[in-house]
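# Architecture and fold: a report
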Amino acid sequence: MTSSTTEMGPQAENNRAKRKVWFLRLAAAVLIAGVSWLVYWLFYSSQFVVTDNAYTAVELSQVTTAVEGTIKEVRVHDTQRVKAGDILALIDDADTSLAVKQAQSDLELALRRVEGYFVRDELLAAKVLAREAEMRGAKAQVDSASTAKLRTAVDFARRKALEKTGSVSGEELTRAESAAIAAQAELALAQANLTLSEANLASAKAERNMNITLIAGTTVSTHPEVMLARAKLEQTQINHRRTEIRASVTGVVSKLQIQVGQRVHSGQSMLVIVPVDDMHVNANFKEVQLSKIQVGQAVEVTSDLYGSRVVFKGRVEGFAAGTGSAFAIIPAQNATGNWIKVVQRVPVRIKLDSTELKAHPLTVGLSMTVRINIDANDK
């Protein structure tokens, strides 16, 4: 019994020594790992903020019709890539073509009508001069008739005075009286003609003033009637061009909602163009991370589509005006007494490089992992 116990003592001591060595090795490994992680965090990881709560987004281009009509041709389909300016669809342009022709005719009529205003002004100016000449002639006739009236009246009065002496015969006195009466009538007629001439002159001046009001301060091309007709023509031409539905941006066609023969109305949505070459990422960072993020910082973005083999370069472009919950349909009622504090997230817009997007296309809504270098403040 004593001999067996003596043999187990050295064995147990040896096992304890081995365990101690392994514990020391484990402690050293843990210490080395901790120091390595601390060094990694201090010199590298602390320079970045990371989130995988990020998704691709884009400013969609809604294509709507500005005129009413019937779809004559559809030249695109969903998923088709188009360039800015490409014709997407055609609306029957029969009505707009007629409207353009009518507007052109209205413009020609307006030009001729306004030209007539200017020609008429010259005619009315000549008419005023003629009326003024007539009035001067009438005034001269009045003056002449007044002189004749005075002369005949004096002659009659002198002969009337000589009648008692018998120096003047009755026939001669009668002739003198008739001449005086005729001169009085001539004066009255001349005065009437003068009044008529004055009225005609006033009418001619008023008629010209009315015509001057239509053309004052304008030329044929700048006259309001011509400008209105020209504006209507330009509007009809614009409406005619709008029968060609063109792409406003380069991208991919989506949500096509029209077909040949369909009647469309002004403002109706026809399709959507997704400008995939101008995509950005909305990264939802925690509020505790925002103080380290600045506009212009360098960003590395990876997608679940390509994995870590494709790293997109980007820049911080801006911050949302509120947290995601602030714009929810039913926002959180944090003012109540019964609430649980939840770390909020704020969308940060990341601008991606269009060249990289062309080489490695992305679609809207893909999950992304965003890493921002908080030490890179170059803008």
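Above this note sits the structure.
So, a few notes on the structure that sits alongside this text. Every chain begins its residue count from 1, and numbering advances along the sequence as written. Side-chain atom pairs in this predicted model are given and counted only at pLDDT of 80 or more, local residue features only at pLDDT of at least 70, and totals for whole chains, interfaces and linings cover all residues. For side-chain calculations, the full set of non-hydrogen atoms in the structure is used, while hydrogens and water are omitted.

A pair of strands counts as paired when DSSP detects no fewer than two bridges linking them. For the purposes of this entry, the term helix denotes a DSSP run of H or I that reaches at least four residues, the term strand denotes a run of E that reaches at least two, and both are numbered from the N terminus. Spatially, 6 strands are ordered β1-β10-β13-β12-β11-β14 in a closed barrel, and the strand pairing comes out antiparallel. Between one strand axis and the next, the sheet turns through 40 degrees on average, direction left out of account. Sheet topology places strand β11 (residues 298-303) next to strand β14 (residues 367-373); 5 bridges connect them, and they run antiparallel. The residue of β14 that forms the bridge with Val299 is Ile372. Think of each axis as a best-fit line through the C-alpha atoms, taken over the contacting stretch in the case of a helix, with angles from 0 to 180 degrees between the N-to-C directions.

Now for the nonpolar core. Put simply, a nonpolar core is a bunch of buried Ala, Val, Leu, Ile, Met, Phe, Trp, Tyr and Cys residues held in one set by side-chain atoms that sit within 4.5 Å of each other. Exposure is judged per residue with a 1.4 Å probe applied to protein chains only, and the accessible area is read against the type maximum: over 50% gives exposed, under 20% gives buried, and values in between give partly exposed. Val301, Phe312, Ile350, Val370 and Ile372 are the most contacted members of the largest nonpolar core, which has 26 residues in total. Broken down by secondary-structure element, the contributors of at least two residues to this core are β1 (48-57), β9 (269-274), β10 (280-286), β11, β12 (307-319), β13 (345-352) and β14. Among all residues touching Val301, those that are not within four sequence positions of it are Val281, Val310, Val311, Phe312, Ile350, Leu352, Met368, Thr369 and Val370. Formed by 16 residues, the second largest nonpolar core is a distinct cluster that contains Val63, Leu88, Ile91 and Val253. In this description, contact between two residues means that some pair of their heavy atoms is separated by no more than 4.5 Å.

A few words on the sheet that holds strand β7 (residues 251-254). Sheets are built from strands paired through backbone hydrogen bonds, the pairs being either parallel or antiparallel. Taken together, the 4 strands give an open sheet; going across it, the order is β2-β9-β7-β4, and neighbouring strands pair in antiparallel fashion. Unpaired on one side and paired on the other, β2 (61-64) and β4 (81-82) mark the two borders of the sheet. Across 2 bridges, β4 lies against β7 in antiparallel orientation. Note on β7: the bridge partner recorded for Val82 is Gly251.

So, on to the side chain of Gln297. By secondary structure assignment, the location of Gln297 is in the loop between β10 and β11. Accessibility expressed as a relative area gives 0% for Gln297, which makes it buried. Here a polar contact is recorded for every N or O atom pair within 3.5 Å, except that within protein the pair must consist of a potential hydrogen donor and a potential acceptor, and residues adjacent in sequence are included only if both atoms are side-chain atoms. Looking at Gln297, its side chain comes within polar contact range of the main-chain oxygen of Lys292, at 3.2 Å. A distance of 2.8 Å separates a polar side-chain atom of Gln297 from the backbone nitrogen of Gln294.

Moving on to the packing of aromatic side chains. For this analysis, a ring pair means two rings from Phe, Tyr or Trp (six-membered ring only for Trp) whose centres lie within 6.5 Å, classed as stacked if their planes differ by under 30 degrees, edge-to-face if by over 60, and tilted for the remaining angles. Within the structure shown, the criterion is met by 1 aromatic pair. Pairing Tyr306 with Phe312 gives two aromatic rings, centres 6.3 Å apart and planes at 55 degrees, and the pair type is tilted. Exposure remark for Tyr306: the relative accessible area of 15% places this residue in the buried category. Note on criteria: charge over ring means Lys NZ or Arg CZ within 6 Å of the ring centre, with the direction from the centre no more than 35 degrees off the ring normal. Sitting over the ring of Trp22, Arg25 keeps its end group 4.8 Å from the ring centre.

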